[in-house]
Amino acid sequence: SQKIEQNSEALNIQEGKTATLTCNYTNYSPAYLQWYRQDPGRGPVFLLLIRENEKEKRKERLKVTFDTTLKQSLFHITASQPADSATYLCALGNTGFQKLVFGTGTRLLVSP
Amino acid sequence: GAVVSQHPSRVICKSGTSVKIECRSLDFQATTMFWYRQFPKKSLMLMATSNEGSKATYEQGVEKDKFLINHASLTLSTLTVTSAHPEDSSFYICSARDEGALYGYTFGSGTRLTVV
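Since we're looking at a predicted model, the values are computed, not measured. Per chain, residue numbering runs from 1 following the sequence as it is written. Here every chain gets a letter starting at A, and every ligand a number starting at 1, in the order they are written. Under the rules for a predicted model, residues below a pLDDT of 70 receive no local features and side-chain atom pairs below 80 are neither given nor counted, while totals for whole chains, interfaces and linings still include all residues. Based on all heavy atoms of the structure, the side-chain values leave hydrogens and waters out of the count.

Next up on the list: the sheet that holds strand β8 (residues 76–81) of chain B. Strand pairing in a sheet relies on backbone hydrogen bonds, with the paired strands running either antiparallel or parallel. Residues and elements named next belong to chain B. Any two strands between which DSSP finds at least two bridges are classified as paired. In this description a helix means any DSSP run of H or I spanning at least four residues, a strand means any run of E spanning at least two, and both kinds are numbered starting from the N terminus. Sheet architecture is open: 4 strands sit in the order β1-β3-β8-β7, paired in antiparallel fashion. Only two strands of the sheet have a single partner each, and these edge strands are β1 (4–7) and β7 (67–73). Each strand of the sheet is rotated relative to its neighbour by a mean of 15°, with strand direction disregarded. Direction of pairing for β1 relative to strand β3 (residues 19–25): antiparallel, over a ladder of 4 bridges. Looking across to β3, one finds that Val4 is bridged to Ser25. For every element, the axis is a line fit to its C-alpha atoms; helices are fit only across the contacting stretch, and the angle between N-to-C directions ranges from 0 to 180 degrees.

Here's what the structure looks like:
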């Protein structure tokens, strides 16, 4: 069955450092992968989308890589700030923008 | 950008009663909407895909008679939890597909349902 795994343990880093979150998947061939941010008691907020034929995508302090051979995506936040503290979810989808399948999420804590 | 409004944000109901949750796309038309359920510190689990003008498609293991979905217009989908029980207590989130957006999905802010 399809499985999408993210680090279940919280990631604690110091302000200013780069946070790197991992998303691994099995039994799936996604057309694209998305990263979302979710704050407690709120719905997910879209951050970045990367397609299967793309290796890397950047947006301001965010960078996403996608390795379809390793079946893995890495999500980087550079110069992290306490305001970046949240849970980050990866989600996989197929062509046609049908349903998304979400990973387990990783909680990021950035200390001042 | 695209906005999805979900209402109510919190609801407490008694066991055996029904609760309706609304999901509205405010500035775009959504032929497809999705309903998710999220348990504490867990990921989003897709419950069903709601299609305007037709029956919803439920994921395996989701009781369609318990979780009634209606998508009567291009801007509104509703989820009704019927005969609610304490185990139905959860965080419910809707998502609407915005065909004009780069990524296609916008999420509501969620509804915290507590059944007592």
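Moving on, we come to the sheet that holds strand β1 (residues 3–6) of chain A. Residues and elements named next belong to chain A. Taken together, the 5 strands give an open sheet; going across it, the order is β1-β3-β8-β7-β6, and neighbouring strands pair in antiparallel fashion. Looking at which strands have only one partner, the edges of the open sheet turn out to be β1 and β6 (56–59). Pairs of neighbouring strands in the sheet enclose a mean axial angle of 15°, with direction left out of account. Pairing of β6 with strand β7 (residues 62–67), which is carried by 4 bridges, proceeds in the antiparallel orientation. Paired with Lys59 across the bridge in β7 is Leu62.

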